[in-house]
Amino acid sequence: MVKHIVMWKLKEEAHGNPKAVNARLIKEKLEALNGKIPGLIHLEVGINFIGNAANYDVVLYSEFGSAVDLQNYQVHPEHQAIIPFINAARLERQAVDYEV
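Residue positions within a chain follow its written sequence, with the count starting from 1. Only residues with pLDDT of 70 or above have their local features reported here, since the model is predicted, and side-chain atom pairs are shown and tallied only from 80 upward, although totals for entire chains, interfaces and linings are computed over all residues. Hydrogens are left out, water is left out, and the side-chain values use all remaining heavy atoms of the structure.

Q: Mind showing me how you'd approach the overall build of the protein chain here?
A: The helix and strand labels rest on DSSP assignments: H or I over at least four residues marks a helix, E over at least two residues marks a strand, and numbering proceeds from the N terminus. The number of helices and strands found in the protein chain is three helices and six strands. For the protein chain, the N- to C-terminal ordering of α and β elements is β-β-β-α-β-β-α-α-β. For the protein chain, the spread of C-alpha atoms along the three principal axes comes to 35 × 25 × 20 Å. Evaluated residue by residue, the protein chain yields a buried proportion of 34% over its 100 residues. We call two residues in contact when some of their heavy atoms are within 4.5 Å. Across the protein chain, the fraction of contacts at a sequence separation of at least 24, relative to all contacts at a separation of at least 6, is 70%. Of the roughly 5,600 Å² of accessible surface on the protein chain, a fraction of 55% belongs to carbon and sulfur atoms. Note on charges: Lys and Arg go in the positive column, Asp and Glu in the negative column, and His and the chain ends are not counted at all. Just so you know, the charge point we use is NZ for Lys, CZ for Arg, CG for Asp and CD for Glu. Across the protein chain, the mean location of the 10 positive side-chain charges is 5 Å away from that of the 12 negative side-chain charges. Residue burial is assigned from relative accessible area. The probe radius is 1.4 Å, only protein chains are included, and a residue is buried under 20% of its type maximum, exposed over 50%, and partly exposed in between. For every accessible area listed, the method is Shrake-Rupley and the probe measures 1.4 Å; residues are considered covered only by the protein chains on display.

Here you go:
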């Protein structure tokens, strides 16, 4: 199994929306991928609720059957369709992928 974790720090405003709205939209868009991409076992998104400036705003936690499944997720059209929205709303991105 492979775990894929990504965190984003968001801009105060993007897409004509405040940060909180974009965080919710990112959560909705990513969680809508559940059940649509082969090899994606589990995906959840959390929104930070503590107003610490050092914290990231949104975190993605996902599990895949294998490294190949993760690679397939990365290029899957449904996932690719979300990336421009996230990229335009983010200031920073951190990620880690590991096998268990």
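Structure's up, so let's keep going.
Q: Can you walk me through the nonpolar core in this structure?
A: Looking at soluble globular proteins, one finds that nonpolar side chains tend to be buried together. Residues Trp8, Ile26, Leu30 and Tyr73 are the most contacted members of the largest nonpolar core, which totals 22 residues. Mapped onto this core, the elements with two or more residues apiece are strand 1 (2-10), helix 1 (19-31), strand 4 (40-47), strand 5 (58-64), helix 2 (67-75) and helix 3 (77-89). Contact partners of Trp8, with chain neighbours within four places excluded, come to Leu30, Tyr56, Asp57, Val58, Leu60, Ile86, Arg90, Glu92 and Arg93. Here the nonpolar core consists of buried residues drawn from Ala, Val, Leu, Ile, Met, Phe, Trp, Tyr and Cys, with membership extended through side-chain atoms lying within 4.5 Å.

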